[in-house]
Amino acid sequence: MAELDDEFHAFVAGRLDRWRRGAYLMCGDWHLADDLVSEAVIRLHRHWGKVRLAGNADAYAQKVLARCWLNERRRGWRRRERVDADPPSPEYRMEDRIVDRLPLADLLRSLGPRQRAVLILRFYLDHSVEETADILGVAPGTVKSQAARALEQLRAARVTP
Amino acid sequence: MHQLFDDLIGTPPETAIDTRALVRRDRRVRATRRAALTLTAVAAAGIAVAVFTSATTPAGAPPGAVASPTRDDRFELRAATRAEAEVSAGQLAAALDDAVRAAVPAATWDPGPGIRITVIDYVSPPGWHGSGTLRVAGTTGALTVMAHTWTAPGLSCATLSTPQPPKGREPTKPATPRQCADVQTPSGVPAVLLTGGPGPTQGFELRVALPADRVMTLIVTGPDDGGPPVLTTAQALLVAEHAVGRIR
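Residues numbered from 1 in each chain as written. Chains lettered and ligands numbered in written order. Predicted model: local features only at pLDDT ≥ 70, side-chain atom pairs only at ≥ 80, totals over all residues. Heavy atoms only, no water.

A. Just the overall build of chain A, in detail. Scanning chain A for helices and strands turns up 9 helices and 0 strands. Seen in sequence order, chain A has helices and strands lined up from the N terminus as α-α-α-α-α-α-α-α-α. Within chain A, the fraction of its 161 residues that count as buried is 47%. Here the contacts in chain A between residues at least 6 apart in sequence split such that 61% fall between residues at least 24 apart. Here chain A has roughly 8500 Å² of accessible surface; of this, 49% comes from carbon and sulfur atoms. (Helix = DSSP H or I, 4+ residues; strand = E, 2+ residues; numbered from the N terminus. Buried < 20%, exposed > 50% of the residue type's maximum accessible area, 1.4 Å probe, protein only. Contact = heavy atoms within 4.5 Å. Areas by Shrake-Rupley, 256 points an atom, 1.4 Å probe, with all protein chains shown as cover.)

B. Region of interest: the state of the cysteines. Residue and element names in this part refer to chain B. Summed over the entire model, instances satisfying the criterion amount to 1 disulfide over all chains. C157 shares a disulfide with C180; S-S distance 2.1 Å. Where C157 bonds to C180 through sulfur, the torsion about that S-S bond is close to -95°, and the disulfide is left-handed. Here C157 is found in the loop between β4 (139-149) and β5 (179-184), whereas its partner C180 is found in strand β5, with 23 residues between them in sequence. Residue C157 is classed as buried on the basis of its relative accessible area of 19%. (Disulfide = S-S within 2.5 Å.)

C. The arrangement of the nonpolar core in detail. The biggest cluster of nonpolar side chains holds 61 residues, and the ones touching the most others in it are A:W19, A:L136 and B:F5. Of the residues forming this core, the biggest block, 11 residues, is contributed by helix α1 (residues 2-27) of chain A. If we ignore the near neighbours within four places in the chain, the residues touching B:F5 are A:L25, A:L104, A:L108, A:L119, A:I120, A:F123 and A:Y124. In this structure, B:F75, B:A107, B:A147 and B:A243 belong to the second largest nonpolar core, which totals 43 residues. (Core = buried A, V, L, I, M, F, W, Y, C linked by side-chain atoms within 4.5 Å.)

D. Fine view of the environment of A:A147. All names here are of chain A. Along the chain, A147 falls in helix α9 (residues 140-156). Classification of A147 as buried rests on a relative accessible area of 7%. Here the alpha-carbon distance between A147 and L119, two residues 28 residues apart in the chain, equals 5.8 Å. Those residues in contact with A147 that sit more than four places away from it in its chain are V118 and F123.

E. Structural view of the interface of chain B and chain A. Contacts between chain B and chain A engage 30 residues on the former and 41 residues on the latter. Buried area between chain B and chain A, both sides added, is near 3200 Å², and the carbon and sulfur share of it is 67%. Where chain B touches chain A, the interface holds 4 salt bridges. B:D6 serves as the salt-bridge partner of A:R21, at 3.2 Å between the closest nitrogen and oxygen. On inspection of chain B and its partner chain A, the count reaches 7 residue pairs in polar contact (both at pLDDT 80 or more). The leading source of residues in the side of chain B that touches chain A is helix α1 (residues 2-9) of chain B, at 8 residues. The residue inventory of the side of chain B that touches chain A, partitioned by class, reads 13 nonpolar, 7 polar and 10 charged. (Buried area = accessible area lost by both parts, 1.4 Å probe. Salt bridge = Lys/Arg side-chain N within 4 Å of Asp/Glu carboxyl O. Polar contact = N/O pair within 3.5 Å; in protein donor to acceptor, adjacent residues only side chain to side chain. Nonpolar A, V, L, I, M, F, W, Y, C, P; charged D, E, K, R; others polar.)

F. Molecular detail of the pattern of salt bridges. The full count for this structure, using the stated rule, is 18 salt bridges over all chains. Close ionic contact of A:R15 with A:D58 constitutes a salt bridge, the shortest N to O distance being 2.5 Å. A residue pair is termed long-range when its members are at least 10 positions apart, and A:R15 in helix α1 and A:D58 in helix α4 (residues 57-74) qualify at 43 residues. Using a relative accessible area of 24% as the deciding quantity, one classes A:R15 as partly exposed. With its nearest N and O atoms 3.0 Å apart, the salt bridge here joins B:R246 to B:D98. Of this pair, B:R246 sits in the segment after α4 (233-245) while B:D98 is found in helix α3 (residues 82-103), placing the two residues 148 residues apart along the sequence. A relative accessible area of 11% means that B:R246 is categorised as buried. Overlapping salt bridges bring together B:D97, B:D98, B:R101 and B:R246 as one network.

Right, dumping it as structure tokens:
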């Protein structure tokens, strides 16, 4: 069991940064992102014995993390209390590369949780359409249409993907 | 696109996620939850059996046998006040630690130095509960201990039978299939062994009668991924015998 645990912790350590980044993109708040990742780590550990034997630990972990995010959004308190972690937007200047992120942040905020997850899984975490569909439990066609719509909005906001 | 996302993320702050602490806490929470469920079920079954037998047994009948005291360094489990119960918790923890060391010399607590017992005061009279992770020859698993009131006459599979729901009311869910066997410790103290049940973790439950109408329950499990229990049944019986021998 100690070996299993060591293997699990090594697996998590190698992916923690990527999971945190993905979680932050989904929720826009580092504290909540850490909470989501922590919850996903616990759930992953509970099934680690089976997951590692199945040989799809990465996909499973990503699925758990995405589900944690979608479940979090369904919680009742979210409807009553909403916190915007980002400061007010400064003036937008096209020539300044760093401010390109503002339209993207606005776009992410304007999307529903599942659409946001599609965008992040497809274009940041580089999952295929089929993998994204499997992680989110939707049809591949849904992933394609939601990704296309998000890209269209990005172009309309003059952000070059 | 990657660059856009990375710009949006910026520099991630230092994380406070400690995966080892998360896993430890989750194990502790799940062990406590399992124990609390078992304790509640045992208490409910005990009360049901006691009510049933008090209605059918003639007055003056002798109570069930309890373990006989055998050693001089024995202590009494007292729960009249919270302070008394806390003292008994410490004594019980020390007795269990000694019992594990005497019965299974190769066993070590992870983390040490031993098992921590707490007072359960949501039942009346209060009981005791504790759980610790044991490591024996490369195998790891949990040993959970409970001591609480047992008012049924004697401890056997017959007295542990599941109480039937009242007429006209069906149980909300089917009973968990568990196998029960009447066993004895090496010196002949009667005990009940329960095996099987829900969940992927392998394990068994051992109940031994204590003095003063109490019962001690030892729950032995293996690793979370379904490995064998950390103690064999014979080892657990030996641990129970040593621990019970310290209580008067």
